[in-house]
Amino acid sequence: MSDTPFGFGLPPEEPDDGDEGKKKDQQSGGGQGPANPFGFGGLPGAGGFGAPGADNPFAAMFGSLNPNDLGAAFQQLGQMLSYEGGPVNWDMAKQIARQTVSQGTADGTKDASVGPAERTAVQEAVRLADLWLDDATSLPSGAGSAVAWSRAEWVEATLPAWKELVDPVAERVGNAMGDVLPEEMQAMAGPLIGMMRSMGGAMFGTQIGQAVGVLAGEVVGSTDIGLPLGPAGKAALLPLNVEAFGKDLGVAQDEVRLYLALREAAHQRLFTHVPWLRSHLFGAVDGYARGIKVDTAKLEDVVGQFDPQNPEQLQDALQQGMFQPEDTPEQKAALARLETALALVEGWVDAVVHAAAKPRLSSADALRETLRRRRASGGPAEQTFATLIGLELRPRRLRDASRLWASLTDARGVDGRDGLWAHPDMLPTASDLDDPDGFVHREQLDFSELDKMLGEAAQKPDLKKKDADADKDDKDDDTE
């Protein structure tokens, strides 16, 4: 059985490091290993997540299903089957995510409320990070506030963004589940279709909840995957995970916190002052989801053989390759647009943070390389995003983007580099990442004349109106 959600298969690609890359991928939970956050088997923790039968989402929801739990189990089952919302049961996703967080991570670390001292430390780190970034970028501060989150608070704060990311994918699946029967049979099979859609929403909710819950135990802020998952203008760090990240690095905890605050504050500047960027990224995800193709023949078989007393059958179908990305030019273009945009975001943050930290932190190089290795070995955030929409960020793209932004700084200065974020058409493309020197030294486009022409064109209707009014006044004078 595939461990990827909704039956997605990731785009085939060779590991960057050959056999060694495969070993690292297996160790970190990449591919279809047991640590895959979307898989139901082998997840850390007690009860249904790690117990036999964890491939069944009911085990995740109801634990071991001992007699004392049966009443609550059937009550939740009734709530699940009566769900009539969108393509994902987000109430269930939230519940599963919080349950996963409460179980703690594989190393036995439990979530804990953030104390006043930790909140103050995060606020001071973000404040200092913003001061340092003033010298490294022309974009002003984007962090209106700095917050320290527990893992549970991270789940609560990021669920709206996950909803925006996942719903387009799940919507395609939900529509297909209702369209596989002939129209004249749909009225007769209405209750069955409704039940299947409720079950589908529950399955998606369970998968997403597990993924978000596992991810909450690993992320250090609100922008780990290069997307603004938290509220706008709010820089966030998770003190418990920051401490775990810095463990065994041989770097002072204050420096680790400050370096991660630099990255969080840099992301906030970019997403706050490049207003089109968020919609550009989320729109690419939606464009990719529209290209998902559902194997209707296989789905028809599932509908014909569906047994309400065997609901896990539907999950098995969702995980056996029923839903695959279409290999169309539009699908490839959406994937390339998203991959390139995310690489440019992460590359810019990497370059800007390094410029700000290098003169001030003795550990800057070591921390930078640690984060790069984390990505190259398939960190949890990258794995979740990869399995979520079938996209895997390639580490070499991030390095290429970082080198390009650094070269642009040398050639055009900070203002010239950051000015490229003024419009998406001005940004480097995927081919430019292959030839960064060619882009850096290419003749810069001058938009001043175009802006002047557009301004003059906008004024022409007003001038014509003034001339017409003047002619009218002259005629009125002649009449008198």
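Note: the structure precedes this text.
We now turn to the structure provided with this report. Only a predicted model underlies this, so the values are computations on that prediction, with no experimental measurement involved. (Residues numbered from 1 in each chain as written. Predicted model: local features only at pLDDT ≥ 70, side-chain atom pairs only at ≥ 80, totals over all residues. Heavy atoms only, no water.)

Observations regarding the overall build of the chain
In step 1: Helix and strand counts for the chain stand at 20 helices and four strands.
In step 2: Burial status across the chain gives 49% buried among its 480 residues.
In step 3: Counted over contacts in the chain with a minimum sequence separation of 6, partners at least 24 positions apart contribute 79%.
In step 4: As displayed, the chain offers around 22400 Å² of accessible surface, 51% of which is attributable to carbon and sulfur atoms. (Helix = DSSP H or I, 4+ residues; strand = E, 2+ residues; numbered from the N terminus. Buried < 20%, exposed > 50% of the residue type's maximum accessible area, 1.4 Å probe, protein only. Contact = heavy atoms within 4.5 Å. Areas by Shrake-Rupley, 256 points an atom, 1.4 Å probe, with all protein chains shown as cover.)

Topic: the pattern of salt bridges
In step 1: On inspection of all chains with the given rule, the structure shows 18 salt bridges.
In step 2: Notably, a salt bridge pairs aspartate 400 with arginine 403, separated by 2.4 Å at the nearest N-O pair. Highlighted residues: aspartate 400 and arginine 403, both in helix α17 (residues 395-418), separated by three residues, approximately one helical turn.
In step 3: Residue classification places aspartate 400 among the buried positions, given a relative accessible area of 14%.
In step 4: What makes arginine 403 partly exposed here is its relative accessible area of 47%.
In step 5: In this structure, a network of salt bridges that share partners links the residues Arg397, Asp400, Arg403 and Asp434. (Salt bridge = Lys/Arg side-chain N within 4 Å of Asp/Glu carboxyl O.)

Describing unusual backbone geometry
In step 1: We note that aspartate 248 has phi near 70°; this positive angle belongs to a residue other than glycine.
In step 2: When you line up the elements, aspartate 248 lands in the loop between α9 (239-246) and α10 (253-273).

Describing the packing of aromatic side chains
In step 1: On inspection of all chains with the given rule, the structure shows three aromatic pairs.
In step 2: Look at tryptophan 348 and tryptophan 421: their rings are 6.5 Å apart centre to centre, the planes differ by 85°, and that puts the pair in the edge-to-face class. Within this pair, whereas tryptophan 348 is found in helix α14 (residues 329-357), its partner tryptophan 421 is found in the loop between α17 and α18 (430-434), the two being separated by 73 residues in sequence. The exposure classification of tryptophan 348 matches that of tryptophan 421, with both residues buried.
In step 3: Among the aromatic side chains, those forming a connected cluster through ring pairs are Trp276, Trp348, Trp405 and Trp421.
In step 4: One cation-aromatic arrangement involves arginine 278 over phenylalanine 282; the distance from NZ or CZ to the ring centre is 4.2 Å.
In step 5: The aromatic ring of phenylalanine 439 is capped on one face by arginine 412, whose charged end is 5.6 Å from the ring centroid. (Phe/Tyr/Trp six-rings, centres within 6.5 Å; stacked < 30°, edge-to-face > 60°. Lys NZ or Arg CZ within 6 Å of the ring centre and 35° of its normal.)

A short note on the environment of aspartate 134
In step 1: By the element assignment, aspartate 134 lies in the loop between α5 (116-133) and β1 (145-148).
In step 2: In this structure aspartate 134 comes out as partly exposed when scored by relative accessible area, which is 44%.
In step 3: The sequence separation of aspartate 134 and alanine 356 amounts to 222 residues, and the corresponding C-alpha distance is 8.5 Å.
In step 4: A distance of 2.8 Å separates polar atoms of two side chains, one belonging to aspartate 134 and the other to arginine 269. (Polar contact = N/O pair within 3.5 Å; in protein donor to acceptor, adjacent residues only side chain to side chain.)

Some details on α5
In step 1: Taking 1.5 Å of rise per residue, 18 residues should cover 26 Å, and α5 covers 26 Å from first to last C-alpha, within 8% of that figure.
In step 2: Buried within α5 we find Ala121, Val122, Ala125, Val126, Ala129, Asp130, Trp132 and Leu133. Each buried residue of α5 sits inside an arc of 165° when the element is viewed along its axis, so together they form one side. Exposed and oriented more than 90 degrees from the buried face of α5 are Pro116, Ala117, Arg127 and Leu131.
In step 3: Turning to α5, the residues buried within the fold contact β1, β2 (234-237), α9, α10 and α14. (Expected span 1.5 Å × (residues − 1). Arc of directions from axis to C-beta.)

As for the environment of leucine 404
In step 1: With respect to the helices and strands, leucine 404 occurs in helix α17.
In step 2: In the structure, leucine 404 is positioned 33 residues away from aspartate 437 in sequence and 7.5 Å away in space, judged by C-alpha atoms.
In step 3: Setting aside residues up to four positions removed in sequence, leucine 404 forms contacts with Pro428, Asp432, Leu433, Pro436, Phe439 and Val440.

Details of the environment of glycine 287
In step 1: Mapped onto the secondary structure, glycine 287 falls in helix α11 (residues 277-290).
In step 2: As a C-alpha pair, glycine 287 and alanine 334 span 47 residues in sequence and 5.8 Å in three-dimensional space.
In step 3: Here glycine 287 is in contact with Gln331 and Ala334, once residues within four sequence places are set aside.

Comments concerning the packing of α5 against α10
In step 1: Contact geometry for α5 and α10: axes closest at 8 Å, N-to-C directions at 65°. Between α5 and α10 lies a crossing whose hand is right-handed. Counted together, Ala121, Val122, Ala125, Val126, Leu128, Ala129, Asp130, Trp132 and Leu133 of α5 and Arg257, Leu258, Ala261, Leu262, Ala265, Ala266 and Arg269 of α10 form the full contact between these two elements. (Axes fitted to C-alpha atoms, helices over the stretch in contact; angles between N-to-C directions. Left-handed = near helix turned anticlockwise from the far one by under 90°.)

Description of the nonpolar core
In step 1: Within the largest apolar cluster, 91 residues are counted, with the highest numbers of intra-cluster contacts made by Trp154, Trp162, Leu277, Leu281, Trp348, Trp405 and Trp421.
In step 2: When residues of this core are assigned to their parent elements, the largest contribution, 13 residues, is made by α14.
In step 3: In contact with leucine 281, not counting residues within four places along its chain, are Gly226, Leu227, Phe271, Leu338, Ala341 and Leu342. (Core = buried A, V, L, I, M, F, W, Y, C linked by side-chain atoms within 4.5 Å.)

Considering the packing of α9 against α10
In step 1: Taken N-terminus to C-terminus, the directions of α9 and α10 make an angle of 115°; their axes are 10 Å apart at the nearest point. Crossing of α9 against α10: the hand is right-handed. Residues Val242, Glu243, Phe245 and Gly246 of α9 form the contact with α10, whose own contacting residues are Gln253, Val256, Arg257 and Leu260.
In step 2: Residue composition of the contact of α9 with α10, by class: four nonpolar, two polar and two charged. (Nonpolar A, V, L, I, M, F, W, Y, C, P; charged D, E, K, R; others polar.)

Notes on the side chain of glutamate 264
In step 1: The topology assignment puts glutamate 264 in helix α10.
In step 2: A polar contact of 2.5 Å, which involves the side chain of glutamate 264, links it to the side chain of serine 222.
In step 3: Excluding residues that lie within four positions of it along the chain, glutamate 264 makes contacts with Gly221, Ser222, Thr223, Lys234, Ala235, Ala236 and Leu237.

So, α10
In step 1: Over its 21 residues, α10 extends 30 Å from the first C-alpha to the last, a length consistent with the 30 Å expected when each residue adds 1.5 Å.
In step 2: In terms of residue burial, α10 counts as a mostly covered element, since 16 of its 21 residues are buried.

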